[in-house]
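Single-letter residue listing:
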Amino acid sequence: MRVTFGKKEKLKKKKEIELLFSEGKSISKYPIRLVYRKTFFEENIKIKAGVSVSKRNFKKAVTRNRIKRLLRESYRKNKYIVANTTHQFAFMFLYSGKEMPEYSVVESKIKGILQKFVEQEIESK
RNA sequence: AAAGCAGAUCACUUUAUCGCGGCCUUUGGGCCGAGGAAAGUCCGGACACCGUAGCGCAGUAUAGCGGGUAACGCCCGUCUGUCGUAAGAUAAGGACUAGUGCAACAGAAAGUAUGUACAGGUAAUGCUGUAGUGAAAUCAGGUAAACUCUAUACGGUGCAACGCCACGUAAACCAGCUUUUGAGGGUUGCGCGCCCAAUGUUGGAGGGUAGGCGGUUUGAUCCCGAUAGUAAUAUCGGGACUAGAUAAAUGAUAAGGAUAUUCGUCUCGGCGAGGAAACAGAAUCCGGCUUAUGAUCUGCUUUUUUU
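The rules behind each value
- Residues numbered from 1 in each chain as written.
- Chains lettered and ligands numbered in written order.
- Predicted model: local features only at pLDDT ≥ 70, side-chain atom pairs only at ≥ 80, totals over all residues.
- Pairing = 2+ DSSP bridges.
- Helix = DSSP H or I, 4+ residues; strand = E, 2+ residues; numbered from the N terminus.
- Axes fitted to C-alpha atoms, helices over the stretch in contact; angles between N-to-C directions.
- Contact = placed C-beta atoms within 7 Å.

Trainee: I'd like to hear about the sheet that holds strand β3 (residues 47-53), residue by residue, with values.
Mentor: Taken in spatial order, the 4 strands make up an open sheet running β1-β2-β4-β3, and their pairing is mixed. With partners counted over all chains shown, the strands left at the sheet margins are β1 (25-29) and β3, one partner each. Between one strand axis and the next, the sheet turns through 20° on average, direction left out of account. Along the sheet face, helix α2 (residues 61-78) touches β3 and β4 (88-95) and points at about 155° away from the line of β3.

Structure, rendered in structure tokens:
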């Protein structure tokens, strides 16, 4: 499959995000946390994902943008891990650290989280 | 050379691979894609809506003089004061013969004044002069980053404005007409003024879901030149199209190249090696101000040295 992360694969609906936070489960590998929820999309898309960085920890927009870009880039490169799910899922990656991370660290953490997700949700069934 | 003053410019770049947001497409792809402050949201507008937006009071802002501008609390010129050896910087720089208040030290006394010494004068009296204190002492003066007065400006709310479409119904919405009452309520802080109600009926379609589209990027625009002006700026001519996202697009990796600069070397200019980059991310759009910050260059001033 292509290693893309286009508009259709991004989580955009406000309602969907509210549901995700109120009912979703989470996997944590400090400093990154994944919140996910089994759901239904009209489009033929397996997973919709979003990223979020707290304004409380990073006051400046430049650093928030930078971290969000790193999160998106790592997800894009490693989403092949979760590509063959049977259900549709909504994802949200949260960065809960307090300092600017290195790209290599972010990527390895994301990889770990995605593998854990596969163990919990796919292989258990 | 050192110390300082003022101003201008730039904000590393190229290629490859993978990727993101627009627009176009002959579906192969092509083109475009953050800043000088995009920031703080402190001023001024444009634009939009609200006729309960009117009038008066109050309130707020500005303050030499002249000019510029769509407008300004901004900019330019200039005078004066202050600071600095100077280049320059800086100013809440209108008014205290409208009123009220305030005032260190000195002094008898600083506004319901009049003590001492000497001299003069009177029927009599600080009635007059001099000495003395002080910036100022009897038809006084200072102070308005004191109240105040004067002049000028100011309706309110902000693109989550506002318009259209979709979904969709409970009579809570709007408009007209009818009858009765002005109690009560509304408004910009207050007053005046103005507006509203309920019943029945006719017509229209609201609220909510930050759902979609428009607003939304061609504009007091940018670049070059000429003319007018000391300048800010204006006019004319030619050229350019330059982000439009909305849980919010500019990234990741690799390889070079250049500059500041560091080290080594010597034949003092090369060679070799290493090797940065700050502050910071558009959200309706402009003009300013303020704050943050890495360099480079130009002009000027003072001091010292050399010729």
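Trainee: Outline the environment of L20, listing residues and values.
Mentor: One can find L20 in helix α1 (residues 14-23). The sequence separation of L20 and S54 amounts to 34 residues, and the corresponding C-alpha distance is 17 Å. Aside from chain neighbours lying at most four places away, what touches L20 is V35, R37, A90 and M92.

Trainee: Pulling in residues and values, what's your account of the pairing of strand β2 (residues 32-39)?
Mentor: On any regular strand, side chains alternate: one points to one face of the sheet, the next to the other face. With 5 bridges joining them, β1 and β2 adopt antiparallel strand pairing. Residue pairing for β2: I27 is matched across the bridge by L34. Two elements, β2 and β4, share 8 bridges in a ladder whose sense is antiparallel. If you follow R37 over to β4, its bridge partner there is A90.

These values are about where atoms sit, not about what they do.
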